[in-house]
Amino acid sequence: MLRSLAAQDARAPDGRPLVLEFVLVDNASPQRDDATMDEIRRFGQEVLPGRVVLHDRNAGYAGGMNLALEHATGDTSSCSTPTSCSCPAASRRCTATSSPTR
């Protein structure tokens, strides 16, 4: 999923490039793996701006999404699941008609 986000060519409706960020929420997963979280943190420092948020309890799907939105810094948001990936033009298509959410 993160690699597909990094491959996006996100553009505003006027054609200027947009900076994408990711917020990955681990919703108190019993399979939480510190090495994987460290790898994702490195990806957020070296490849695509982003951060990892470790939730202390499982707040359910909506609770995890709300926590991610609390940590997002952009004007427009898109939510995804860990098993999702986006085709290369997805962000451009979405932002072509989007309005800021903040």
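An account of the accompanying structure is given in this report.

With that settled, the discussion passes to the side chain of serine 4. Position of serine 4 among the secondary structure elements: in helix α1 (residues 2-6). Under the relative-accessibility criterion, serine 4 is labelled buried at 13%. Non-local contacts of serine 4, meaning those with residues more than four positions away in its chain, are made with Cys85 and Ser86.

Our next topic: unusual backbone geometry. Although it is not a glycine, alanine 28 sits at a positive phi angle of roughly 60°. Relative to the helices and strands, alanine 28 is located in the loop between β1 (22-26) and α2 (34-46). A relative accessible area of 25% places alanine 28 in the partly exposed class.

Quick look at helix α3 (residues 60-71) now. With 12 residues, α3 ought to run about 16 Å at 1.5 Å a step, and its terminal C-alpha atoms sit 17 Å apart, in line with that. Among the residues making up α3, those that are buried are Gly64, Met65, Leu67 and Ala68. Considered in projection along α3, the buried side chains sweep an arc of 160° and stay on one side of the axis. Tucked inside the fold, the buried residues of α3 contact β1 and β2 (50-54).

Turning next to the environment of threonine 81. When you line up the elements, threonine 81 lands in the loop between α3 and α4 (90-95). As a C-alpha pair, threonine 81 and arginine 11 span 70 residues in sequence and 22 Å in three-dimensional space. Setting aside its immediate chain neighbours within four residues, threonine 81 contacts Met1 and Tyr61.

Bringing the nonpolar core into the picture now. In this structure, Leu2, Phe22, Leu24, Met37, Ile40, Phe43, Leu48 and Val52 together form the largest nonpolar core, which totals eight residues. The set of elements that each furnish at least two residues to this core consists of β1 and α2. Ranked by residues supplied to this core, first place goes to α2 with three residues. Excluding its chain neighbours within four sequence positions, the residues that come into contact with phenylalanine 22 are Leu2, Leu5, Ile40, Phe43, Gly44, Leu48, Pro49, Gly50 and Arg51. Grouped together as the second largest cluster of nonpolar side chains are five residues, Val23, Leu67, Ala68 and Ala72 included.

Below, the discussion takes up α2. If you check α2, its first and last C-alpha atoms are 18 Å apart, about what 13 residues at 1.5 Å a residue would give, namely 18 Å. Here α2 has its buried residues at Met37, Ile40, Phe43 and Gly44. Down the axis of α2, the buried set is contained in an arc of 115°. They therefore lie on one face. Looking at α2, the residues exposed on the side facing more than 90 degrees away from the buried face are Asp34, Ala35, Gln45 and Glu46. Against the buried residues of α2 lie α1, β1 and β2.

Our next topic: the side chain of histidine 55. You can see histidine 55 is positioned in the loop between β2 and α3. Residue classification places histidine 55 among the buried residues on the basis of a relative accessible area of 11%. For histidine 55, the side chain forms a polar contact with the side chain of aspartate 56, separated by 3.3 Å. Of note is the side chain of histidine 55, whose polar atom sits 2.7 Å from the backbone oxygen of arginine 57. Beyond its immediate sequence surroundings of up to four residues, histidine 55 is in contact with Val25, Asp26, Asn27, Ala28, Arg32 and Leu67.

Parameters and conventions
- Residues numbered from 1 in each chain as written.
- Predicted model: local features only at pLDDT ≥ 70, side-chain atom pairs only at ≥ 80, totals over all residues.
- Heavy atoms only, no water.
- Helix = DSSP H or I, 4+ residues; strand = E, 2+ residues; numbered from the N terminus.
- Buried < 20%, exposed > 50% of the residue type's maximum accessible area, 1.4 Å probe, protein only.
- Contact = heavy atoms within 4.5 Å.
- Expected span 1.5 Å × (residues − 1).
- Arc of directions from axis to C-beta.
- Core = buried A, V, L, I, M, F, W, Y, C linked by side-chain atoms within 4.5 Å.
- Polar contact = N/O pair within 3.5 Å; in protein donor to acceptor, adjacent residues only side chain to side chain.

Any functional reading would require information that these geometric values do not contain.
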